[in-house]
Amino acid sequence: NVASVPTTVKQAPLPNLQVSDISAPVSGLAGRSVQLSWTITNTGNLAASGSWSEQVFLSGDTVAGADTLLGTFYYSSNSLAPGASVTRTEQVTLPGFITGDRWVVVRTDAGNALVELNEADNTTVDNVAFNVEAALTLAITPTSVGETAGANAATATVTRAGETTSVLEVFLSS
């Protein structure tokens, strides 16, 4: 005896987190902090609940992968209904020895804490380049010197962040 019965299989409802609206300043200085923001939207058909992490990277191109990690941020007690979104704002420190155009990359649910409809759409590269400029810091000690202190009363340290292949000239005058 052989019999067949038609069966319909439906996918279980699941959340799906996606990154959008990455916002960065036009430029920042190498080795310094900048504020970034991005939006996480649940495009799935079930609430995204629980804790997960999000990572921010700096990329030398518009493709995610082999990028420099700027920070990992943990968010607990999340509850995003289907269609709901939340905007994150965080401070990150730029690497000290790079300059030029870079792209911010954000990955949500970086540790795969949630089972989602599509795990492949958790990473987004900003569509606008972010310019990392070289930075120069001058530290003088002590911070004040009396007029009769003499020729060697203070010392200065110049610290250079960013591209180091070109000549750097520093001129000081009183």
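Residues numbered from 1 in each chain as written. Predicted model: local features only at pLDDT ≥ 70, side-chain atom pairs only at ≥ 80, totals over all residues. Heavy atoms only, no water.

Enquirer: Explanation requested: the overall build of the protein in the structure shown.
Expert: The helix and strand inventory of the protein stands at zero helices and eleven strands. Its helices and strands in sequence order give the protein the pattern β-β-β-β-β-β-β-β-β-β-β, from N to C terminus. Computed over C-alpha atoms, the radius of gyration of the protein comes to 25 Å, more than 25% over the 16 Å expected from 2.2 N^0.38 for 174 residues, which places it beyond the range of a compact globule. Overall, the C-alpha framework of the protein stretches about 110 × 35 × 25 Å when taken along its three principal axes. The proportion of buried residues among the 174 residues of the protein is 32%. As presented, the protein carries roughly 10600 Å² of accessible surface, and 52% of it is formed by carbon and sulfur atoms. The positive charge centre, built from 6 side chains, and the negative charge centre, built from 15, are 4 Å apart in the protein. (Helix = DSSP H or I, 4+ residues; strand = E, 2+ residues; numbered from the N terminus. Rg over C-alpha atoms; globule rule 2.2 N^0.38 Å. Buried < 20%, exposed > 50% of the residue type's maximum accessible area, 1.4 Å probe, protein only. Areas by Shrake-Rupley, 256 points an atom, 1.4 Å probe, with all protein chains shown as cover. Lys, Arg positive; Asp, Glu negative; His and termini not counted. Charge placed at Lys NZ, Arg CZ, Asp CG, Glu CD.)

Enquirer: Would you take a moment to explain a nonpolar patch on the surface for this structure?
Expert: A surface patch of nonpolar side chains, amounting to about 380 Å² of accessible area, comprises Leu-136, Leu-138, Ile-140, Val-158 and Val-170. For Leu-138, a relative accessible area of 40% translates into the label partly exposed. (Patch = residues over 30% accessible without salt bridge, like charges linked within 9 Å, V, L, I, M, F, W, Y side chains within 5 Å. Salt bridge = Lys/Arg side-chain N within 4 Å of Asp/Glu carboxyl O.)

Enquirer: So what exactly am I meant to see when it comes to the packing of aromatic side chains here?
Expert: Aromatic rings considered in pairs are described by the distance between their centres and by the relative angle of their planes. Considering all chains together, one arrives at one aromatic pair under this definition. Here Trp-38 and Phe-73 contribute two aromatic rings whose centre-to-centre distance is 6.2 Å and whose plane-to-plane angle is 45°, an arrangement assigned as tilted. Separated by 35 residues along the polypeptide, Trp-38 in strand β3 (residues 33–42) and Phe-73 in strand β5 (residues 68–80) bring together distant segments of the chain. Owing to a relative accessible area of 1%, Trp-38 belongs among the buried residues under this scheme. Across from the ring centre of Tyr-75, 3.7 Å away, lies the NZ or CZ of Arg-88, which sits over that ring. (Phe/Tyr/Trp six-rings, centres within 6.5 Å; stacked < 30°, edge-to-face > 60°. Lys NZ or Arg CZ within 6 Å of the ring centre and 35° of its normal.)

Enquirer: So what exactly am I meant to see when it comes to the environment of Pro-6 here?
Expert: Within the element layout of this structure, Pro-6 appears in the segment before β1 (17–23). Pro-6 gets classed as exposed once you look at its relative accessible area, which sits at 80%. A sequence separation of 130 residues divides Pro-6 from Leu-136, and the C-alpha atoms of the two residues are 72 Å apart.

Enquirer: Mind showing me how you'd approach the side chain of Asn-78 here?
Expert: Tracing the backbone shows Asn-78 in strand β5. Within the local environment of Asn-78, its side chain forms a polar contact with the side chain of Arg-88, the two groups lying 3.2 Å apart. For Asn-78, the contacting residues outside a window of four places in its chain are Ala-48, Ser-49, Gly-50, Ser-51, Trp-52 and Arg-88. (Polar contact = N/O pair within 3.5 Å; in protein donor to acceptor, adjacent residues only side chain to side chain. Contact = heavy atoms within 4.5 Å.)

Enquirer: When you look at the sheet that holds β1 in this model, what are you seeing that I'm missing?
Expert: Either a parallel or an antiparallel arrangement is found when strands of a sheet pair, and the pairing is made through backbone hydrogen bonds. Overall, antiparallel pairing links the three strands, which are arranged β1-β3-β6 in an open sheet. Since the sheet does not close on itself, it has two edges, and those belong to β1 and β6 (85–93), each with one partner. The sheet shows a mean angle of 30° between the axes of neighbouring strands, direction not considered. (Pairing = 2+ DSSP bridges. Axes fitted to C-alpha atoms, helices over the stretch in contact; angles between N-to-C directions.)

Enquirer: Looking at this model, I keep getting lost on the nonpolar core. Mind explaining?
Expert: Generally speaking, nonpolar side chains in soluble globular proteins are found buried as a group. Of all hydrophobic cores here, the largest spans 26 residues; its most connected members are Trp-38, Val-56 and Leu-58. Among the secondary structure elements, those contributing two or more residues to this core are β1, β3, β4 (48–59), β5, β7 (100–107) and β9 (130–133). (Core = buried A, V, L, I, M, F, W, Y, C linked by side-chain atoms within 4.5 Å.)

Enquirer: For this particular structure, what's the right way to read unusual backbone geometry?
Expert: Comment: phi is negative for the bulk of residues other than glycine, and the bulk of peptide bonds are trans. A positive phi is found at Ala-66, a non-glycine position, where the angle reads about 55°. Relative to the assigned elements, Ala-66 resides in the loop between β4 and β5. With a phi close to 45°, Asp-109 is a non-glycine residue in the positive phi region. In this fold, Asp-109 is placed in the loop between β7 and β8 (123–125).

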